[in-house]
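Each chain is listed here by its residues.
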Amino acid sequence: MSTVVRVPEELSAREPAEQRGPGGERDDVRLLASHGTRVTHHTFRELPRLLRAGDLLVVNTSPTLAAAVDGRIGRAPVVVHFSTRGDDGRWAVEPREPDGRGTTRARAGVRAGTEVRLTGGVRLVLEEPVGGRGERLWWARVAGGPVPGLLREHGRPIRYSYTARDQPLSAYQTLFSLPTADGSGSAEMPSAGRPFTARVVAELVRRGVGFARVVLHTGVSSAEAHEPPYPEWFAVPEASARSINAAAAGAGRVIAVGTTAVRAVESAAGPDGVVRAREGWTDLVVTPERGVRVVDGLLTGLHEPEASHLLMLRAVAGRAAVERAYEEALRGRYLWHEFGDVHLLLREESAR
């Protein structure tokens, strides 16, 4: 999928920016900007001067859940990652096993009918693989209590092995996160929104940049296999659809904050490029072959070379632009993953 070499381990962001030194804040990350194949280097606080009046930032308001819960299969300890609640009340879950370092690894040999006993007296039974894609994610029937309550009382944020330590749930909420009435949210943080602070937003608004809210509840990704995304629940409200269409029809650019926002907006766009208020499940995978109908730019983190997200980046900016940017990111020692640096990709003006 990419000619980008594997990312050196030391370029993984092991902790949030605000913990890397005295007086640190969330916007103390670097910003790599791509205008086609032209690359420039900035701090995130410079984002307002890289945009212009009339541009519209589309942000995902989905809150991050404390989606990892300890349990047992028989006598064996497991950690269950809760991914997505289905319309039939079942949950898509991933049973994993502790790796002895405070994180987890894939668990082999999981079968239909397996019962998992969780902390808090909740039990779940694995019924069938999600999407028929093997044995990583399972639809599970839950008994013994509501899952949102279980996660609030006994859950913790999903953590991967490149991070230094457990973090509080607050470290995984973005400035745009909004609580939901039914306790739903994202299994993993919509991390492109994390560096935004009140001062950055205030400066963007002062310069005439607008914001539109969408929702896409992200499921769990796999640290072992970079799979295409599973179906996820999204919503584009009427007011946001109007704002997006107005920006697209004028001189402004529609810039998605995160790949989740791209998936939501493009799922609500018709073949005519008009965005309509919609909510429900989306199985859209944005690829260069499919292209994008609405989005002119993308603010996102830096993704592993095997990640399926890179196909979306190429759909927005083109292969040459993405590969040039990643060469510069490696050369410039940018930091990867959810606590890392960010990348602004803008399409060539003629490509709209």
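Here the structure is shown first, and the text comes after it.
Model, not experiment: these values are computed from the prediction.

Caption draft 1: Region of the structure containing the pairing of strand β11 (residues 210-216). Of the strand pairs in this sheet, strand β3 (residues 56-60) and β11 are connected by 5 bridges, and their pairing is parallel. In the sheet register, Asn-60 faces β11, and the bridge partner there is Val-214. Across 2 bridges, the pairing between β11 and strand β12 (residues 232-236) is antiparallel. By the bridge assignment for β12, Leu-216 is matched with Phe-234.

Caption draft 2: Examining the nonpolar core more closely. With 43 residues, the main nonpolar core has Val-58, Val-236, Ile-244, Val-265, Val-275, Tyr-326 and Trp-336 as its most contacted residues. Listed by contribution, the elements that provide at least two residues to this core are β3, β11, β12, α4 (238-249), β13 (254-257), α5 (259-267), α6 (309-317) and α7 (319-331). Not counting residues up to four positions away in its chain, the partners in contact with Val-58 are Ala-212, Val-214, Ile-244, Val-254, Ile-255, Ala-256, Val-257, Ala-261 and Val-265. Counting 31 residues, the second-largest nonpolar core is a separate cluster that includes Phe-82, Trp-91, Leu-126 and Val-147.

Caption draft 3: Local environment of the side chain of Thr-260. Note on placement: Thr-260 falls in helix α5. Here Thr-260 falls in the buried class, since its relative accessible area comes to 12%. A distance of 3.1 Å separates the side chain of Thr-260 from the side chain of Asn-60, its partner in a polar contact. Ignoring any residue separated from it by four or fewer positions in sequence, one finds Thr-260 in contact with Asn-60, Pro-190, Leu-216 and Thr-218.

Caption draft 4: Structural view of the pattern of salt bridges. Scanning all chains against the criterion turns up 33 salt bridges. The salt bridge involving Asp-27 is made with Arg-199; its shortest N-O contact spans 2.9 Å. Of this pair, Asp-27 sits in the segment before β1 (30-35) while Arg-199 is found in helix α3 (residues 198-206), placing the two residues 172 residues apart along the sequence. Taking relative accessible area as the criterion, Asp-27 reaches 1% and is therefore assigned buried. With its nearest N and O atoms 2.4 Å apart, the salt bridge here joins Arg-49 to Glu-46. Via salt bridges that share partners, Glu-25, Asp-27, Asp-28, Arg-45 and Arg-199 belong to a single interconnected network.

Caption draft 5: Inspection of α7 at higher detail. Taking 1.5 Å of rise per residue, 13 residues should cover 18 Å, and α7 covers 18 Å from first to last C-alpha, within 8% of that figure. Looking at α7, one finds that the buried residues are Ala-321, Val-322, Glu-323, Ala-325, Tyr-326, Glu-328, Ala-329 and Leu-330. Against the buried residues of α7 lie β1, β2 (38-43), β15 (297-301), α6 and β16 (342-346). Immediately downstream of α7, the backbone of Arg-333 shows phi near 60°, a positive value.

Caption draft 6: Looking closely at α3. Buried within α3 we find Val-200, Val-201 and Leu-204. With its buried residues spanning 95° around the axis, α3 presents them on a single face. Residues of α3 that are exposed and angled more than 90 degrees away from the buried face: Ala-198 and Arg-206. On the buried face of α3, the contacting elements are α1 (47-50), β3 and β11.

Caption draft 7: Summary view of unusual backbone geometry. One non-glycine residue, Arg-333, lies in the positive phi region at around 60°. Mapped onto the secondary structure, Arg-333 falls in the loop between α7 and β16. A residue is classified by how much of its surface remains accessible, and Arg-333, at 44% relative accessible area, is partly exposed. A positive phi angle, near 80°, is found at His-337, a position not held by glycine. Here His-337 falls in the buried class, since its relative accessible area comes to 16%.

Procedures and definitions
Residues numbered from 1 in each chain as written. Predicted model: local features only at pLDDT ≥ 70, side-chain atom pairs only at ≥ 80, totals over all residues. Heavy atoms only, no water. Pairing = 2+ DSSP bridges. Helix = DSSP H or I, 4+ residues; strand = E, 2+ residues; numbered from the N terminus. Core = buried A, V, L, I, M, F, W, Y, C linked by side-chain atoms within 4.5 Å. Buried < 20%, exposed > 50% of the residue type's maximum accessible area, 1.4 Å probe, protein only. Contact = heavy atoms within 4.5 Å. Polar contact = N/O pair within 3.5 Å; in protein donor to acceptor, adjacent residues only side chain to side chain. Salt bridge = Lys/Arg side-chain N within 4 Å of Asp/Glu carboxyl O. Expected span 1.5 Å × (residues − 1). Arc of directions from axis to C-beta.

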